[in-house]
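Remarks on the overall topology
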Amino acid sequence: MSIAIYPGSFDPITLGHLDIIERAAACFDKVLVCVMVNCDKKQPMFTSEKRLELIQKSIAHIPNAEAENFSGLLADYARQKGANILIKGVRNVTDFDMEMQMARINRGIEPTLETVLLPASAEFEHFSSTMAREMIRYHQPLEKYVPAAVAEELMKGRD
Ligand code: PNS
């Protein structure tokens, strides 16, 4: 069985992330979305539990996708899961440079770990969790940026 891991901080999950998960699920038997810690990023807007809950709601329609939290090394998580494929979405050259580095680091830790880069769909090329957080902060409509289940949940807390 081919198991692919899609790791990220998902603070929060966006429509761009969901697009990558759906496309990866069409390529591999199972996709494990893993909510991880990115040490280079400051305090997240959402707790890891909340980020996981939002992902689980967003991927409920994908039968071969699951989500979990993991706070350790990605290579250790992959070993635990018996997975040797990492999925990363790439929007631009900045992402590409970063992902090339991370792919090499991960393969340096675990030589069997391959990274598969999926180009972002054109309509989501400018999407990011940073942008979604700005829309949340400034009370903008969210449906265009995050999965419907997330928009609904986050709008509940508003006046
Ligand atoms: O969505 P992000 O913040 O770009 O995802 C980055 C993430 C979480 C995938 C990366 O920081 C990561 O893999 N963190 C886990 C710790 C680890 O394994 N680091 C070494 C690989 S670079």
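Our subject in this report is the structure included herewith. Being a predicted model, the structure only gives us computed values, none of them experimental.

1. A few points about the layout of surface pockets
Its volume calculated, the largest pocket comes out at about 1500 Å³. Around the largest pocket sit 46 residues that line it, and G8, S9, N38, K41 and M102 are the ones nearest its centre. In terms of residues, the lining of the largest pocket owes the most to one element, helix α4 (residues 93-109), which gives nine residues. Split by residue class, the lining of the largest pocket holds 19 nonpolar, 15 polar and twelve charged.

2. Here's the deal with the site of the ligand
Taken together, P7, G8, S9, M36, V37, N38, K41, G72, L73, L74, M102 and N106 are the residues near the ligand. Contact distances for the ligand include 2.5 Å between an oxygen atom and a side-chain N or O atom of S9. Backbone polar atom of L74 to an oxygen atom of the ligand: 2.7 Å apart, as the coordinates give it. Burial of the ligand by the protein amounts to 79% of the accessible area it has alone, namely 530 Å². Put simply, the ligand lies in the largest pocket.

3. Overview of the pairing of strand β2 (residues 30-35)
For β2, a buried count of five out of six residues is recorded, marking the element as mostly surrounded by other parts of the structure. In the sheet, strand β1 (residues 3-8) pairs with β2 via six bridges, with the strands oriented parallel. Across the sheet, the residue bridging to A4 is V31, located in β2. Considered for its hand, the β-α-β crossover made up of β1, helix α1 (residues 15-25) and β2 is right-handed. In the classification by handedness, the crossover that spans β2, the intervening helix α2 (residues 48-58) and the parallel strand β3 (residues 65-69) is right-handed.

4. Examining unusual backbone geometry
The omega torsion of the bond from D11 to P12 falls at 0 degrees, within 30 degrees of zero and hence cis. Assignment of secondary structure puts P12 in the loop between β1 and α1. Its identity is not glycine, yet H139 carries a phi of approximately 55 degrees, on the positive side. Its location among the elements puts H139 in the loop between α5 (129-137) and α6 (148-156).

5. Focus: the sheet that holds β3
Here five strands make up an open sheet; going across it, the order is β3-β2-β1-β4-β5 and the pairing parallel. On the outer flanks of this sheet lie β3 and β5 (114-119), each paired with one strand and no other. On average, adjacent strands in this sheet sit at an angle of 30 degrees to one another, irrespective of strand direction. Against the sheet, α2 engages β2 and β3, with an angle of about 175 degrees to β3. Across the sheet, helix α3 (residues 74-81) touches β1, β2, β3 and β4 (85-90), and the angle it forms with β1 is around 150 degrees.

The rules behind these values
- Residues numbered from 1 in each chain as written.
- Predicted model: local features only at pLDDT ≥ 70, side-chain atom pairs only at ≥ 80, totals over all residues.
- Heavy atoms only, no water.
- 1 Å grid on protein atoms, 1.4 Å probe; cavity = no way out; pocket = protein on both sides within 12 Å on 5 of 7 lines; lining within 4 Å.
- Points joined across faces, edges and corners; volume = space filled by probe spheres on them.
- Helix = DSSP H or I, 4+ residues; strand = E, 2+ residues; numbered from the N terminus.
- Nonpolar A, V, L, I, M, F, W, Y, C, P; charged D, E, K, R; others polar.
- Near = heavy atom within 4 Å.
- Polar contact = N/O pair within 3.5 Å; in protein donor to acceptor, adjacent residues only side chain to side chain.
- Areas by Shrake-Rupley, 256 points an atom, 1.4 Å probe, with all protein chains shown as cover.
- Sits in = over half its atoms within 2 Å of the grid points.
- Buried < 20%, exposed > 50% of the residue type's maximum accessible area, 1.4 Å probe, protein only.
- Pairing = 2+ DSSP bridges.
- Right-handed = clockwise from strand over helix to strand, strands pointing away.
- Axes fitted to C-alpha atoms, helices over the stretch in contact; angles between N-to-C directions.
- Contact = heavy atoms within 4.5 Å.

That is the geometry; function is a separate question.
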